[in-house]
Amino acid sequence: MLKIYNTMSQSIEEFKSLHAGEVNMYVCGPTVYNYFHIGNARVFLVFDTIRKYLEYSGYKVKFAQNVTDIDDKIIKKAASEGVLWSAIAEKYTTAYLEDLAKLNVTPADINPKATEEIPAMLALIQNLMDKGIAYVSKNGVYYDVTKFEGYGKLSHQKMDELVEGARVEVDEEKKNPLDFALWKFSKPGEPSWEAPWGAGRPGWHIECSAMSGKHLGATFDIHGGGADLVFPHHENERAQSEAANGVTFVNYWMHVGYLNIRGEKMSKSKGNFAFIRDILNDYMQDKENTANVIRLFILSAHYRGPLDFSNDNMDSVRNGYREIYYTAQRLAQVKAKPAASFVGRDFIKEFKEAMDEDFNTSKAIACVYDCAAAAKTELGKKNIESFVLLGKTMLEMCAVLKITPVLKTIDAQITELAKQIDLLRKEKQYEKADILKKQAAETGYMLEFTAAGTFAIKELK
RNA sequence: GGCGGUGUAGCCAAGUGGUAAGGCACGGGUCUGCAAAACCCUCAUCCAUCGGUUCGAUUCCGAUCGCCGCCUCCA
């Protein structure tokens, strides 16, 4: 039975989908004004893994993730580079999709762009206007938070306390300091869309309400994002949607903890800003397996807790990943059939139990390691069929976590070298054998001569 | 000030009312002609501190201290 921590109730709840066997989920996507960084990547990878696990558990998942392609930051960036805002949005939307693909993140079923969903937003704003919840001011259309009874319930803040702590400049045009823009009137030269109240662009929160409602329904199962979105973004989305539709917006709110770099929040001024694109390119020589190491690193801690990114921590994970990677390579070079059963632990069962407990990937990964170790023990005992069974079990778990090692085809040259070395060893011509071994090493392979056979292992670098 | 998170071995990191998963590193060993970034084993009398509840707490409650974050359209 799957359990999920719900930010709304601040407790772990049994998961019950709205429609039997189906899960509708929405995760806040990027504002495309730059490449995305390792912190964004954490959110994307966590929810990709959750989605995958839901599917593995038998759910049909409908996954929507927006692309915010109009926003102040985009306009600002465009101005500083002297290009059209749309050029910035297009460039970084493309980059976003490329980087996601390199991380093996499955594309969302629906990738709505803000600029393509303006009509749905206008309809929602009109709905709020009709209900007397929104009002027009000099600068735009605003949401009157005093009209929504449950305001603050998601972030567990009281309105007066929010006001006290507010560091925002008081906007005289707003009725209440907490009121937020649904529609911002454009200034000359700014991008704008026609609207009944005046030309402008959408406020930050409205797109998610409009798009999730349109594609997933007024009520849907899971809404996720980074922890910093709880307030104000998700609080405001909820206020908009529930006030407009009169029904519960989201059943399970999920938030991913912060990713720090060497213990500090990442920021450009501190020079500890890491784009995922750069990590993918620079971290290892083995590009095909870099995404797996990154994902394993991200999943090594529970998704709700903080996670510290550093080279040392990555290296530690990479060294651990080798165990899985090498086991997979040996498995691929063994021709035996799997044993019918393994007397011992039921790794898959343990794995599922871990994941069912609010996606405890840390514990799930421990199952993968234990299984790999058990497989190697069998190999050492020359129980090849048991090794194959356990190796396959390990790969099943890897597939769910999406860390399946990417193997190289071993070219004929290496196979030939291995044969020759084996021959030379039998003839005790060790000096010649060593020369050939060195040759193999130069191509990135190490050759293992074990009781269970000879393996050519591509090193992970 | 309000709210939230967090403090577990050298490092990363799970977890439980009955005495601590897993990974990395270290150390020892095994296989091997030698060797490996291979394999095996070892590695927290203890879970920030101080109280309380309990037969028993790292796990529950209270307090204290430390670190991080949100309350500024930052995931």
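Residues numbered from 1 in each chain as written. Chains lettered and ligands numbered in written order. Predicted model: local features only at pLDDT ≥ 70, side-chain atom pairs only at ≥ 80, totals over all residues. Heavy atoms only, no water.

### Some details on the protein's contact with RNA strand B
Applied cut-off: Any residue with a heavy atom lying within 4 Å of a molecule or strand is counted as near it. Here a polar contact means two N or O atoms within 3.5 Å. Within protein one must be a hydrogen donor candidate and the other an acceptor candidate, and residues neighboring in sequence count only if both atoms are side-chain atoms. The way it works is that DSSP assigns letters per residue, a run of H or I at least four long becomes a helix, a run of E at least two long becomes a strand, and they are numbered from the N terminus.
Close to RNA strand B lie 55 residues, the nearest being K73, K184, G226, K265 and E459. In RNA strand B, the atoms that sit within 4 Å of the protein are 57% sugar and phosphate, with bases accounting for the remainder. Between a sugar or linking oxygen of RNA strand B and a main-chain N or O atom of S155, the distance comes to 3.5 Å. Within the side chain of Q157, an N or O atom sits 3.2 Å from a base nitrogen of RNA strand B. At the level of secondary structure, the elements contributing two or more residues to the surface near RNA strand B comprise α1 (38–56), α5 (159–165), β9 (220–226), α10 (311–332), α12 (361–380), α15 (430–442) and β14 (445–450).

### Thoughts on the pattern of salt bridges
Stated formally: When a carboxyl oxygen of Asp or Glu is within 4 Å of a side-chain nitrogen of Lys or Arg, the pair counts as a salt bridge. Note on classification: 1.4 Å probe, protein chains only; a residue is buried when its accessible area is under 20% of the maximum for its type, exposed when over 50%, partly exposed between these limits.
Evaluated as defined, the whole model comprises 26 salt bridges. The salt bridge partner of D370 is R345, with a shortest N-O separation of 3.0 Å. Of the two residues, D370 sits in helix α12 while R345 sits in the loop between α10 and α11 (347–356), which places them 25 residues apart along the sequence. On the basis of relative accessibility, which here comes to 37%, the residue R345 falls in the partly exposed class. Here D434 makes a salt bridge to K437, at a shortest N to O gap of 3.8 Å. Residue D434 and its partner K437 are located together in helix α15, separated by 3 residues, close to a single helical turn. The network of salt bridges with common partners includes D72, K184, E190 and R201.

### Examining the domain arrangement of chain A
The condition that has to hold: Domain boundaries shown here were taken from an automatic or database domain assignment.
Taken domain by domain, chain A comprises domain 1 (3–260), domain 2 (311–401) and domain 3 (412–458). Between the C-alpha centres of domain 1 and domain 3 the distance comes to 57 Å.

### Some thoughts on the packing of aromatic side chains
Here is the rule we go by: A pair of aromatic rings is counted whenever rings of Phe, Tyr or Trp (Trp by its six-membered ring) have centres within 6.5 Å, and the orientation is called stacked for planes under 30 degrees apart, edge-to-face for over 60 and tilted otherwise. A ring is scored as having a charge over it whenever the NZ atom of a lysine or the CZ atom of an arginine sits within 6 Å of its centre and within 35 degrees of its normal.
A full pass over the atoms with the stated rule returns 20 aromatic pairs. Look at W85 and W193: their rings are 5.8 Å apart centre to centre, the planes differ by 65°, and that puts the pair in the edge-to-face class. Here W85, found in helix α3 (residues 85–102), pairs with W193, found in the loop between β7 (180–185) and β8 (200–202); they are 108 residues apart in sequence, far enough to count as distant. Ring-pair connections join several aromatic residues into one group, and the members of that group are Y26, F220, F249 and W253. For K175, the ring lying beneath its charged end belongs to Y135, and the centroid distance is 4.5 Å. Of note, R304 hangs over the ring of Y5, and the distance from its end group to the ring centre comes to 4.0 Å.

### Focus: the confidence of the model for chain A
Detail in the predicted coordinates should be disregarded across regions flagged by low pLDDT. So the rule is basically this: The quantity called pLDDT is the predictor's confidence in a given residue, expressed from 0 to 100.
Looking at chain A, the pLDDT average stands at 90 and 97% of residues meet or exceed 70. Per-element confidence in chain A ranges from a low mean pLDDT of 70 for α5 to a high of 97 for strand β4 (residues 60–65).

### Remarks on the packing of α12 against helix α13 (residues 384–401)
Applicable threshold: Every axis corresponds to a line fitted to the C-alpha atoms, with the helix fit spanning only the stretch in contact, and the corresponding angles, defined between N-to-C directions, vary from 0 to 180 degrees. Should an angle fall under 35 degrees it is taken as roughly parallel, and over 145 as roughly antiparallel, whereas 65 to 115 is taken as roughly perpendicular and any remaining angle as oblique. By convention the crossing between two helices is left-handed if the near helix lies anticlockwise of the far one by an angle smaller than a right angle, and right-handed if it lies clockwise. Contacts: residue pairs with any heavy atoms within 4.5 Å of one another.
One can describe the packing of α12 onto α13 by two numbers: an axis separation of 8 Å at closest approach and a directional angle of 160°. Judged on the interaxial angle alone, α13 and α12 are roughly antiparallel. When the axes of α12 and α13 are compared, the crossing they make is left-handed. Contacts between α12 and α13 pair I365, C367, V368, C371, A372, A374, A375, K376, E378 and L379 from the former with I384, S386, F387, L390, G391, T393, M394, M397, C398 and L401 from the latter.

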